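# Understanding the architecture of this molecule
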Amino acid sequence: MKYLLLIYSNPENWEHPVFLRHPEFLAMPASERAALAHESEDLHREIRESGELLAGAALADPLTTRTVRVRDGSPTVTDGPYPEVKEHLAGYLLLDCDGPERAAEIAARIPDARFAAVEVHPIMALSGQEM
Amino acid sequence: MSSDGVEDLLRRHAPQVLAALVRRYGHVDTAEDALQEALLAAATQWPADGVPTSPAGWLITVASRRLTDQLRSANAARQREERDAAQRPGFSPAADTPPDADDTLILLLLCCHPSLTPPSQVALTLRAVGGLTTAEIARAFLVPESTMAQRISRARQRVRAAGAVFRMPSEDQLPERIRTVLQVLYLIFNEGYAASSGPDLHRVELTAEAIRLTRIAHAARPDEGELAGLLALMLLTDARRPARARPGEGLVPLAEQDRTRWHRPSLDEGRALITRTLSRAPLGPYQLQAAIAAVHSEAASAADTDWPQIVHLYRLLERFGPNPMVTLGHAVAVAMTHGPDAGLRLLAPLHDDDRLANHHRLYAVRAHLLEMAGDPAGALEAYRRAARLTVSLPEQHYLHRRADRLTGH
């Protein structure tokens, strides 16, 4: 099963890994911060070595995002992302893993899940069973 | 011989040759690399020079030479061992004696080692026993080649770290290990059992590969009832492939399939196999699923199907443990025998089952039964819910089509 994990964050300054800039993270004791940063590295190593990670990317600051709309045949381009929210899309992971439980387990271990949220989207497949 | 013919020949011999190499030298990963080089040499030399009298022997000799070279350069201590072993005939079987089906089964058991996750078992099996290239496996599973290479190399390391040896497991371990092999082979089969042709045509190869590997395992253990049952189930299911998809329309449900397009030789073989097995071996879930498929295969249409017989088989299947998917099949058969309300009553408790409460199949079956019961509004809602829940594009197309039909679109 393939899943797209969308990692949201609300950072003071946009720098990756984004959670390192989150006010709630910065308020944590140094030892906890170090432990969390380690967990994050361990998770990435684990899913890379297991072959579960297909792709992933960190996204640039929402300031650089542009939204394109075509209305009545004419395109307009505006600055900023589509939804006007506090939390922004910070990056994504594309996974191929055992099932929804494993995808949720990986999402829960992404530090940004503690400060904002990680969305887990199943990806549509081309095969199916007859009914 | 044409290069296509050589390719077939190489594919047939690859698992035997690999098994012989692993048996003789250990080292699944180095043996596999050596085999690839031998295959490459054969693919270039045989079409020009002709096929040697013993293709397997030729491949084993060339791969062994390559393997010894590799081991020698990689490890001086290993080299001493090799020399030592070579000086003691009878210490281990010579690699160039013709291997048998048992060897391939041992290789399968090794690739389906319990220390691996199912995706790794699948990848390693296709690579080491199926002889597919990493690129082919990656393409079939729609993942990057580097990911698949990573998965296979990790799987090899794990098997090695778990201390697995090339040997038939003891009689008391064997049933459990064979169960895992069955699951892995069925996973490969289902992955390839794609609805539509066209862009995913290459996945059909997975179905063919699963059937080929199950055949080899069945040849090694002909009395293993569930192995025979799985092979029969695959043959009977795969036989429907020509009828189960229409271009541009996605899935064709069992009830609407043009049964004259079902593949007759596979149906006959599957039916004969399951009939023979049921009278001999202890009963198991794969055999029962094959028996259900066999009953379907005997009917000229959905209406002509011996549904009471299918209800009976589902009841037997449920005795092997609670399984909501089995209950769904059972509910359909009951609805066809005793009417839709009886089927819907069987479905009711599943809505409280966490595993199924958000599963599209529950809503798809419910929709069909509500439509049968003359409740188009309820059916429409269930079809739409099922279409939203499925992650399969062909299934989604089919479910939307059923819903549209109810609204007169």
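Here the structure is a predicted model, which is why all the values come from computation and not from measurement.

Attention shifts here to the overall build of chain A. Check the secondary structure of chain A and you find four helices and six strands. From first element to last, N terminus to C terminus, chain A shows the α and β order β-α-α-β-β-β-β-α-α-β. For chain A, the spread of C-alpha atoms along the principal axes amounts to about 55 × 45 × 20 Å. In chain A, which comprises 131 residues, the proportion classed as buried is 34%. Across chain A, contacts joining residues at least 24 apart in sequence account for 72% of those joining residues at least 6 apart. Total accessible area on chain A stands at roughly 7600 Å², and carbon and sulfur atoms take up 55% of it. Of the charged side chains in chain A, 12 are positive and 22 negative, and the gap between their average positions amounts to 4 Å.

Here the focus is helix 9 (residues 174-192) of chain B. Counted at 1.5 Å a residue, the expected span for helix 9 of chain B with its 19 residues is 27 Å, and the 27 Å between its end C-alpha atoms agrees. Looking at helix 9 of chain B, one finds that the buried residues are L174, R177, I178, T180, V181, L182, V184, L185, I188, F189 and G192 of chain B.

The feature "domain: RNA polymerase sigma factor 70 region 4 type" (unreviewed entry), as annotated in UniProt, sits at residues 108-158 of chain B in this numbering. Between the C-alpha atoms that bound residues 108-158 of chain B there is a distance of 15 Å. The span itself is 71% helix and 0% strand.

Looking now at helix 3 (residues 100-108) of chain A. Residue and element names in this part refer to chain A. Within helix 3, the full set of buried residues consists of R102, A103, I106 and A107. In a view along the axis of helix 3, the buried residues occupy a sector of 140 degrees, so they form one face of it. Looking at helix 3, the residues exposed on the side facing more than 90 degrees away from the buried face are E101 and A108.

Residues and elements named next belong to chain B. A complete count under the given rule lists 21 salt bridges over all chains for this structure. E176 is the partner of R179 in a salt bridge, and the nearest nitrogen-oxygen pair spans 2.8 Å. With R179 and E176 both in helix 9 and three residues apart, the pair spans about one turn of that helix. Among the residues examined, E176 registers a relative accessible area of 46% and is labelled partly exposed.

Sites flagged by UniProt as "domain: YCII-related" (unreviewed entry) map to residues 1-124 of chain A. Helix makes up 30% of residues 1-124 of chain A and strand 32%, with an end-to-end C-alpha separation of 9 Å.

Glancing now at the sheet that holds strand 5 (residues 88-96) of chain A. All names here are of chain A. Read across the sheet, four strands follow the order 2-5-1-6 without closing on themselves; strand pairing throughout is antiparallel. The open sheet has two edge strands with one neighbour each: strand 2 (53-58) and strand 6 (118-122). Adjacent strand axes in the sheet meet at a mean angle of 20 degrees, parallel and antiparallel pairs treated alike. Pairing analysis gives eight bridges linking strand 1 (residues 2-9) to strand 5, with the strands arranged antiparallel. Along strand 5, the bridge assignment pairs Y3 with L95.

This part takes up the packing of helix 15 (residues 324-338) of chain B against helix 16 (residues 340-347) of chain B. A packed helix pair is summarised by two numbers, namely the angle formed by the two axes and the spacing between the axes. Residue and element names in this part refer to chain B. Contact geometry of helix 15 with helix 16 gives a least axis separation of 6 Å together with a crossing angle of 160 degrees. In terms of orientation, helix 15 and helix 16 fall into the roughly antiparallel class. The crossing of helix 15 and helix 16 is right-handed. Note on element contacts: helix 16 touches helix 15 through P340, A342, G343, L346 and L347, opposite T327, L328, H330, A331, V334, A335 and H338. Looking at side-chain class alone, the contact of helix 15 with helix 16 contains eight nonpolar, four polar and no charged residues.

A few words now on the packing of helix 18 (residues 376-389) of chain B against helix 19 (residues 393-406) of chain B. Residues and elements named next belong to chain B. Contact geometry of helix 18 with helix 19 gives a least axis separation of 9 Å together with a crossing angle of 160 degrees. Viewed along their axes, helix 18 and helix 19 adopt a mutual orientation that is roughly antiparallel. The crossing of helix 18 and helix 19 is left-handed. Taken together, the residues of helix 19 that come into contact with helix 18 (itself represented by P376, A379, L380, Y383, R384, A386 and A387) are Q396, L399, H400, R402, A403 and L406. Residue classes in the contact of helix 18 with helix 19 are distributed as nine nonpolar, two polar and two charged.

This part covers the interface of chain B and chain A. With 38 residues of chain B in contact, the opposing surface of chain A contributes 21 residues. Each partner contributes to the roughly 2300 Å² buried at the junction of chain B and chain A, and carbon and sulfur atoms together form 53% of this total. On inspection of chain B and its partner chain A, the count reaches two salt bridges. One salt bridge connects R151 of chain B with D96 of chain A, and the closest N-O pair in it is separated by 3.3 Å. Along the contact surface separating chain B from chain A lie seven residue pairs in polar contact (both at pLDDT 80 or more). When residues of the side of chain B that touches chain A are traced back to their parent elements, those giving at least two are helix 6 (118-128), helix 8 (145-161), helix 17 (360-372) and helix 19 of chain B. Sorting elements by how many residues they give to the side of chain B that touches chain A places helix 19 of chain B first, with six residues.

What follows concerns the side chain of T277 of chain B. Residues and elements named next belong to chain B. Relative to the helices and strands, T277 is located in helix 12 (residues 264-278). Here L273 takes part through its backbone oxygen, which lies 2.6 Å from a polar atom of the side chain of T277. Excluding anything up to four places from it in sequence, T277 contacts G225, A228 and Q287.

For the bond from H16 of chain A to P17 of chain A, the omega torsion is -5 degrees, close enough to zero to count as cis. Here P17 of chain A shows up in the loop between strand 1 and helix 1 (23-26). With phi around 50 degrees, D72 of chain A is a residue other than glycine that occupies positive phi space. Assignment of secondary structure puts D72 of chain A in the loop between strand 3 (66-71) and strand 4 (74-79). Non-glycine residue L142 of chain B carries a positive phi angle of around 55 degrees. Structurally, L142 of chain B can be placed in the loop between helix 7 (134-140) and helix 8.

What follows concerns the environment of P47 of chain B. Residue and element names in this part refer to chain B. Mapped onto the elements, P47 comes out in helix 2 (residues 28-49). Looking at P47, the relative accessible area reads 30%, which means it is partly exposed. A sequence separation of 221 residues divides P47 from D268, and the C-alpha atoms of the two residues are 36 Å apart.

What follows concerns the nonpolar core. Residues and elements named next belong to chain B. The biggest cluster of nonpolar side chains holds 86 residues, and the ones touching the most others in it are L21, L59, F141 and M148. Tallying contributions element by element places helix 1 (residues 3-25) first for this core, with 11 residues. Filtering out sequence-adjacent residues up to four positions away, L59 remains in contact with L10, H13, V17, A38, L39, A42 and W46. Membership of the second largest hydrophobic core comes to 24 residues, among which are A335, L350, A379 and A382.

Analysis parameters
- Residues numbered from 1 in each chain as written.
- Chains lettered and ligands numbered in written order.
- Predicted model: local features only at pLDDT ≥ 70, side-chain atom pairs only at ≥ 80, totals over all residues.
- Heavy atoms only, no water.
- Helix = DSSP H or I, 4+ residues; strand = E, 2+ residues; numbered from the N terminus.
- Buried < 20%, exposed > 50% of the residue type's maximum accessible area, 1.4 Å probe, protein only.
- Contact = heavy atoms within 4.5 Å.
- Areas by Shrake-Rupley, 256 points an atom, 1.4 Å probe, with all protein chains shown as cover.
- Lys, Arg positive; Asp, Glu negative; His and termini not counted.
- Charge placed at Lys NZ, Arg CZ, Asp CG, Glu CD.
- Expected span 1.5 Å × (residues − 1).
- UniProt positions renumbered as here; feature names shortened; annotations may be inferred.
- Arc of directions from axis to C-beta.
- Salt bridge = Lys/Arg side-chain N within 4 Å of Asp/Glu carboxyl O.
- Pairing = 2+ DSSP bridges.
- Axes fitted to C-alpha atoms, helices over the stretch in contact; angles between N-to-C directions.
- Parallel < 35°, antiparallel > 145°, perpendicular 65-115°, else oblique.
- Left-handed = near helix turned anticlockwise from the far one by under 90°.
- Nonpolar A, V, L, I, M, F, W, Y, C, P; charged D, E, K, R; others polar.
- Buried area = accessible area lost by both parts, 1.4 Å probe.
- Polar contact = N/O pair within 3.5 Å; in protein donor to acceptor, adjacent residues only side chain to side chain.
- Core = buried A, V, L, I, M, F, W, Y, C linked by side-chain atoms within 4.5 Å.

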